[in-house]
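Survey of secondary and tertiary structure
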Amino acid sequence: MSDLPLKEKDTWFSIREKIKEKISPQQFTTWFENLSLINLNRYEISIKVPNLFCKEWIEKNYMDVIVSAIFETINSKINISFVLDENKPEVVNSVPESIVPKTINNLSYINKNYTFDNFLVGPCNRLTHAAALAVAESPGTSYNPLFVHAQVGLGKTHLLQAIYLQQQARPHKTLFLPCESFINHYISTIRTGDWNGFRDMYRNIDFLLIDDVQFLAKSQSSREEFFHTFNSLYNRQKQIVLSSDCPPEEIPTIEERLISRFRWGLITRIDPPSFETSIAIIQKKAALANLEISNDVASFIAENASSNVREIEGTLVNIAKYSSINKDVVTLDLVKKVIEGFSERKKLLGIEDILKTVTRHFNIQISQILSKRKFQSITLPRQVAMYLARKFTNLSLQEIGGYLGGRDHTTVIHATEKIKKLNKTDRNISMMLRKVEKELTK
Ligand code: ADP
Ligand code: MG
């Protein structure tokens, strides 16, 4: 990497920062910390990975993240290749050391700020928060297992760790770990044969918290082992708390017997925060980062950042960086500059891409979108296309109206406002938008 020009190094640094915003710190440390850039040009990027296991795991689980981080940084889609580090001789099935928990007191995954005190409660997470508190206060007696699901960045890991941290004052043994670590520990035990050690670790505890169990979908044999771990703890009334990015029945390839066990306790969902909750979270996070922001600024961030709390935090971090470099107070102007500066991708999406993606998603024809028809089935996609054109192109209101069947600019403003509002209030719409945007920026 030292031979690479500075510009490429900078780009690589920005790509890494984007990746960081999209995944949890523990996932970043485990899989991305040790990657290095070999080559980057207009057509391709090659990245050095420490071993085959890492390469395969990243290819299976994190390609989406990498592709969108690259796209957001350089505004184009390029080939991605991974190259094994030749200086490190390959060991079959070698697992990165950091992800095999060595002892039960392994704290490397724990963020001490993820406490109940630092978790803001709103309508989107009230039930889950209450259940988490109940379980933290009297493990094994209230809800067992507690199964928390939510899209990424809405506080699952935070809540699980809050429960974990609260147990530290108690004598019982508590283990928190990402599901990927459980799987990797299992795979490395196949190699070492130390099944006693493995089972001791997971079965002789009082409280088990496993984060992101959707990863169980990847490995049938680890699911089998997880099933036995679950039974063994459950039968002895030990508390189990699990999180996932989807409800149990939507975890691909998962067996009915595991789904039914997850249903024995309580399954609860965290929804994206409402506008008011987002503002409260922004103010809390800003205070934690020693950043002073006015209500106007908080509202602006809540309006413009997505409803993913991790992304909101990313925006705050950027604002903090920018304001300390320029020694500015955090004014609305500064925040606008920062947020706009980070949506560079605006320029490169064409209106054609937007129309193609939207019509494909809604299964209608481009000619229908451009027509004068006012059926809801066509009006909604048309408004979505206008909203996306505002967000991802530099076209003026007039130009967007022109492309979309010769409509005037007030129609475009009206459509954009309407979709923005629905994005905050209607879960189906926000999910649809996220999907379409993901497809667009792929
Ligand atoms: P998930 O595990 O669901 O992907 P995380 O728990 O990692 O999400 O949350 C992402 C970030 O958002 C964390 O820094 C977390 O502290 C913050 N966060 C999420 N929800 C809340 C909340 N209700 N109050 C305060 N911070 C939150
Ligand atoms: Mg998480």
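As shown above, the structure is provided for reference.
Below, the structure is looked at part by part. Residue numbering note: each chain is counted from 1, following its sequence as written. Each chain takes a letter, starting from A, and each ligand takes a number, starting from 1, following the order in which they are written. Only residues with pLDDT of at least 70 get local features here, since the model is predicted, and only at 80 or more are side-chain atom pairs given and counted; chain-wide, interface and lining totals rely on the full set of residues. The basis for the side-chain values is all heavy atoms of the structure; hydrogens and waters are excluded.

1. Focus on the pairing of strand β7 (residues 239-244)
Here is the rule: Between buried and exposed lies partly exposed: a residue is buried under 20% and exposed over 50% of the maximum accessible area for its type, with that area taken using a 1.4 Å probe on protein chains only. Numbering of helices and strands starts at the N terminus; helices are DSSP runs of H or I of at least 4 residues and strands are runs of E of at least 2. DSSP calls a pair of strands paired once it identifies at least 2 bridges connecting them. Handedness of a crossover: with both strands directed away from the viewer, a clockwise path from the first strand across the helix to the second marks it as right-handed.
Where burial is concerned, most of β7 is hidden: six out of the six residues are buried. The alternating pattern of β7 places Gln239, Val241 and Ser243 and Ile240, Leu242 and Ser244 on opposite faces, both of which are buried. As paired elements, strand β4 (residues 146-149) and β7 share four bridges and run parallel to each other. When the sheet's bridge partners are listed, leucine 146 is paired in β7 with valine 241. Looking at chain direction, strand β6 (residues 207-211) and β7 are connected through four bridges and run parallel. Across the sheet, the residue bridging to isoleucine 210 is leucine 242, located in β7. In terms of handedness, the path from β6 via helix α9 (residues 220-235) over to β7 forms a crossover that is right-handed.

2. Let's talk about the nonpolar core
Inclusion rule: Definition used in this section: a nonpolar core is a set of buried Ala, Val, Leu, Ile, Met, Phe, Trp, Tyr and Cys residues joined via side-chain atoms within 4.5 Å. Contacts were defined at the residue level, with two residues in contact if any of their heavy atoms lie within 4.5 Å.
With 79 residues, the main nonpolar core has Ile19, Phe32, Ile45, Tyr62, Ile210, Phe226 and Leu242 as its most contacted residues. When near neighbours in sequence (up to four residues on either side) are disregarded, phenylalanine 226 contacts Phe182, Ile210, Leu216, Leu242, Leu258 and Phe262. In this structure, Tyr387, Leu388, Ala415 and Val436 belong to the second largest nonpolar core, which totals 27 residues.

3. Section: the packing of aromatic side chains
Our working rule: Ring pairs shown here join Phe, Tyr and Trp side chains whose ring centres sit within 6.5 Å, with only the six-membered ring taken for Trp; geometry is labelled stacked below 30 degrees between planes, edge-to-face above 60, and tilted in between.
Enumeration over the complete set of coordinates arrives at 18 aromatic pairs. Each ring, one from phenylalanine 230 and one from tryptophan 264, has its centre 6.3 Å from the other, and the planes form 55°; the classification is tilted. Residue phenylalanine 230 is located in helix α9, and its partner tryptophan 264 is located in the loop between α10 (256-262) and β8 (266-269); the two are separated by 34 residues in the primary sequence. Connected via pairs of aromatic rings, a cluster forms that spans Phe147, Phe182, Tyr186, Trp195, Phe198, Tyr202, Phe226, Phe230, Tyr234, Phe262 and Trp264.

4. Considering the sheet that holds strand β1 (residues 36-40)
We apply this condition: To get an axis, a line is fitted to the C-alpha atoms, and for a helix only the part in contact is used. The angle between two axes follows their N-to-C directions and goes from 0 to 180 degrees.
The three strands lie next to each other as β1-β2-β3, forming an open sheet whose pairing is mixed. The outermost strands of the open sheet, each flanked by one partner alone, are β1 and β3 (79-84). On average, each strand axis in the sheet is tilted by 25° relative to the strand beside it, whichever way the strands run. Bridging between strand β2 (residues 44-49) and β3 involves six bridges; their strand directions are parallel. For valine 49, the partnering residue across the bridge sits in β3 and is leucine 84. Where helix α4 (residues 63-74) meets the sheet, its contacts fall on β2 and β3, and the angle it forms with β3 comes to roughly 120°.

5. What about the site of ligand 1?
So the rule is basically this: The rule for a residue being near a molecule or strand is that one of its heavy atoms must lie within 4 Å of it. In protein, a polar contact requires one atom able to donate a hydrogen and another able to accept it; more generally it is a pair of N or O atoms within 3.5 Å, and residues adjacent in sequence count only if both atoms are side-chain atoms. Method for areas: the Shrake-Rupley scheme with a 1.4 Å probe, in which residue coverage is limited to the protein chains shown. Asp, Glu, Lys and Arg are counted as charged, while Ala, Val, Leu, Ile, Met, Phe, Trp, Tyr, Cys and Pro are counted as nonpolar; the rest, among them Gly, fall into the polar class.
Gly153, Thr157, His158, Lys285 and Glu313 are the nearest of the 18 residues found near ligand 1. A distance of 2.8 Å separates an oxygen atom of ligand 1 from a polar side-chain atom of arginine 310. In isolation ligand 1 has 560 Å² of accessible area, and contact with the protein removes 97% of it. When residues of the shell around ligand 1 are traced back to their parent elements, those giving at least two are α6 (156-167), α11 (275-288) and α13 (309-326). Class assignment for the residues of the shell around ligand 1 results in seven nonpolar, seven polar and four charged.

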